[in-house]
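So the chains spell out like this:
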Amino acid sequence: MAFTFLRMQRTRLLLIPAFVLTLVVFYLVGQNHYQIGSALSSATRPIWDQAEGPSNIVTHYYSEGLDIEESVCRLHNWPERKDEKVKVLDAILISTELDLLEIRLNELDPVVDRFFILESNATFTGLPKEASFSLNRKRFAKFDKKISYRLVPGYPLEEGQSPFEQESNARNQMTKLLRAHMTEFLPDTKSIVIMSDIDEIPAAHTIELLRTCDFGQSIHLQLRNYVYSFEWLVGFTSWRASVHLWGPDSYYRHSQSGDTVLADAGWHCSYCFRTIPEYVTKMKGFSHADRIGGRLELLDPQRIQDTICHGKDIFGMLPEAYNYVDLLSALSLEPLTTAVGLPLFLIENAERFKFLLPGGCLREIPRPPTETGSVIGDIGR
Ligand SMILES: *[C@@H]1O[C@H](CO)[C@@H](O)[C@H](O)[C@H]1NC(C)=O
């Protein structure tokens, strides 16, 4: 009896702190429900969500100076394209990332026959934005002969319309642009189309490989995934970019089109902007703008700058990862101290593209034009 009584006493004593703790937890949850909700869904994502993307990974063989010819095709288990006439087309949707565009055009110029560039005067969330490319056409004069450009007028979102509709509309427009141009080529010409966002840059040697060897109807490109700059490597997690042998049923897509992916085929630099306002525009204009969840403090310039310099998550929540290894590594990014194996044009112009390289995390912010004559100034920390 005494024994049971003691146990009841102890249970009652334990109940008080447990009650207090419950109150504290409820309070904290109430205060931070949005962050907690998203953190929980991210932290448990490996359980409720299957990893997306192609699973058949083709080992990629390359070293600087390698001549890509029949024996290299054989190494990848592909036949060489013999006497086929092949044109390589790069189809790009751009928003504001002119620096990445310049790096991309220079990287791919030797292996691409035609660039298709499409931009809008609105973000996917329907906010007005500059048609950056068309305003800066001179900067790309060197490639003018190869560029086919189209401006797609954008409008504020109508009620019930989702940003994803705008995005898919832009992709449909690109399909039309590509179809219209296919008729210019001779009927016996095969067209290989690179389908990737502006920040997903295939390496020139990858495209040379895919032009030389017959990889089939389509193949995804596994890209090294960086955030903010080439200082922060998340992993080899990017797979949406793809290359297609264009056919009558082809369309411009950013979704999974097959199960094969070529390993280590280039670079995906997410949120790699030169200035802080571009971060704000992107965060507001992203198809996933709901991630901001009304938390306007996320758009604070100093917070964004700190986030970039510390390799943290720009939305202030756990990264979306599909297994716990990725999740853990994405939470504790270590800054890289190497800039080996990056696009040639970037390294040749390292001074101008300092913000993309290790140690260059401080972003420029445009000064109010009245203050000085110059438009671009440095932000202090
Ligand atoms: C984009 O341009 C079109 C055509 O010039 C115009 O009607 C439309 O209002 C513009 N959209 C925005 C968001 O400014």
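The protein is annotated in an unreviewed UniProt entry as Glycosyltransferase family 17 protein of Mycena maculata.

When you go through the protein residue by residue, the secondary structure sums to twelve helices and twelve strands. In the protein, once contacts between residues fewer than 6 apart in sequence are set aside, the share between residues at least 24 apart is 73%. Within the structure as shown, the protein displays about 20300 Å² of accessible surface, and the carbon and sulfur contribution to it stands at 58%.

What follows covers the nonpolar core. In this structure, Trp78, Leu101, Val243 and Leu356 are the most contacted members of the largest nonpolar core, which totals 53 residues. Looking at this core, the element that brings in the most residues is helix 5 (residues 98-108), giving six residues. Setting aside anything within four residues of it in sequence, one finds Val243 in contact with Ile192, Val193, Ile194, Ile207, Leu210, Phe215, Gln217, Ser218, Ile219 and Leu221.

Turning our attention to the packing of aromatic side chains. Within the structure shown, the criterion is met by eight aromatic pairs. Measuring from centroid to centroid gives 6.4 Å for Phe115 and Phe143, while their planes differ by 75°, and the two rings are edge-to-face. Here the residue Phe115 occupies a position in strand 3 (residues 114-120), and Phe143 occupies one in the loop between helix 6 (132-135) and strand 4 (147-152), the gap between them amounting to 28 residues. Here Phe143 falls in the buried class, since its relative accessible area comes to 4%. One aromatic cluster is present, built from ring pairs that chain together Tyr228, Tyr271, Phe273 and Tyr279.

Right, let's get into the pairing of strand 2 (residues 85-93). Residues in a regular strand point their side chains to alternate faces of the sheet. By the bridge criterion, seven bridges tie strand 2 to strand 5 (residues 189-195) in an arrangement that is parallel. Across the sheet, residue Ala91 finds its bridge partner in strand 5, namely Met195. Of the strand pairs in this sheet, strand 2 and strand 3 are connected by five bridges, and their pairing is parallel. Opposite Asp90, over in strand 3, you have Phe115 as the bridge partner. Handedness of the crossover joining strand 2 and strand 3 through helix 5 is recorded here as right-handed.

Another point: the site of the ligand. Within the structure, the ligand sits among Asn121, Ala122, Pro128, Pro153, Gly154 and Tyr155. A distance of 2.3 Å is found between an oxygen atom of the ligand and a side-chain nitrogen or oxygen belonging to Asn121. One of the backbone nitrogen or oxygen atoms of Gly154 is found 2.7 Å away from a nitrogen atom of the ligand. Taken by itself the ligand offers 360 Å² of open surface, and the protein chains cover 51% of this. Taken together, the residues of the shell around the ligand break down into four nonpolar, two polar and no charged.

An α-helix turns once every 3.6 residues. As a result, residues three or four positions apart point the same way. Burial analysis of helix 5 places eleven of its eleven residues in the buried class, which makes it a mostly covered element. Leu98, Asp99, Leu100, Leu101, Glu102, Ile103, Arg104, Leu105, Asn106, Glu107 and Leu108 are the residues of helix 5 that are buried.

Turning our eyes to something else, we now look at the pattern of salt bridges. Under the defined criterion, the tally for this structure stands at 17 salt bridges. The salt bridge involving Glu84 is made with Arg81; its shortest N-O contact spans 3.4 Å. Using a relative accessible area of 31% as the deciding quantity, one classes Glu84 as partly exposed. For the salt bridge of Arg352 with Glu102, the shortest nitrogen-to-oxygen distance reads 2.8 Å. Within this pair, whereas Arg352 is found in the loop between helix 12 (344-348) and strand 11 (364-366), its partner Glu102 is found in helix 5, the two being separated by 250 residues in sequence. Shared partners join several salt bridges into a network, and the residues in it are Asp99, Glu102, Arg139, Arg274 and Arg352.

On to the state of the cysteines, then. Tallied over the entire structure, the rule returns three disulfides. A disulfide bridge connects Cys269 with Cys272, and the sulfur atoms are separated by 1.9 Å. As the torsion about the S-S bond is roughly -85°, the Cys269-Cys272 disulfide counts as left-handed. Pair check on accessibility: Cys269 and Cys272 agree, each one buried. The residue that forms a disulfide with Cys309 is Cys361, at a sulfur-sulfur distance of 2.0 Å. Taking the sign of the torsion about the S-S bond as the criterion, the disulfide between Cys309 and Cys361, at about 95°, is right-handed. Remark: Cys361 occurs in the loop between helix 12 and strand 11 and Cys309 occurs in helix 10 (residues 301-310); sequence separation between them is 52 residues.

Before going further, it helps to examine unusual backbone geometry. In this model, Asn77 sits at a positive phi of 65°, which is unusual for a non-glycine residue. Mapping Asn77 onto the fold places it in the loop between helix 4 (70-75) and strand 2. A relative accessible area of 70% places Asn77 in the exposed class. Even without glycine at this site, Tyr271 takes up a positive phi of about 55°.

With that settled, the discussion passes to the pairing of strand 10 (residues 260-270). Of all eleven residues making up strand 10, nine are buried, and the element is well covered by its neighbours. Across three bridges, strand 1 (residues 56-58) lies against strand 10 in parallel orientation. Looking across to strand 10, one finds that Val58 is bridged to Leu262. With seven bridges connecting them, strand 7 (residues 218-227) and strand 10 associate as parallel partners. Bridging from a neighbouring strand, Asn225 pairs with His268 of strand 10.

Cut-offs applied
Residues numbered from 1 in each chain as written. Predicted model: local features only at pLDDT ≥ 70, side-chain atom pairs only at ≥ 80, totals over all residues. Heavy atoms only, no water. Helix = DSSP H or I, 4+ residues; strand = E, 2+ residues; numbered from the N terminus. Contact = heavy atoms within 4.5 Å. Areas by Shrake-Rupley, 256 points an atom, 1.4 Å probe, with all protein chains shown as cover. Core = buried A, V, L, I, M, F, W, Y, C linked by side-chain atoms within 4.5 Å. Buried < 20%, exposed > 50% of the residue type's maximum accessible area, 1.4 Å probe, protein only. Phe/Tyr/Trp six-rings, centres within 6.5 Å; stacked < 30°, edge-to-face > 60°. Pairing = 2+ DSSP bridges. Right-handed = clockwise from strand over helix to strand, strands pointing away. Near = heavy atom within 4 Å. Polar contact = N/O pair within 3.5 Å; in protein donor to acceptor, adjacent residues only side chain to side chain. Nonpolar A, V, L, I, M, F, W, Y, C, P; charged D, E, K, R; others polar. Salt bridge = Lys/Arg side-chain N within 4 Å of Asp/Glu carboxyl O. Disulfide = S-S within 2.5 Å.

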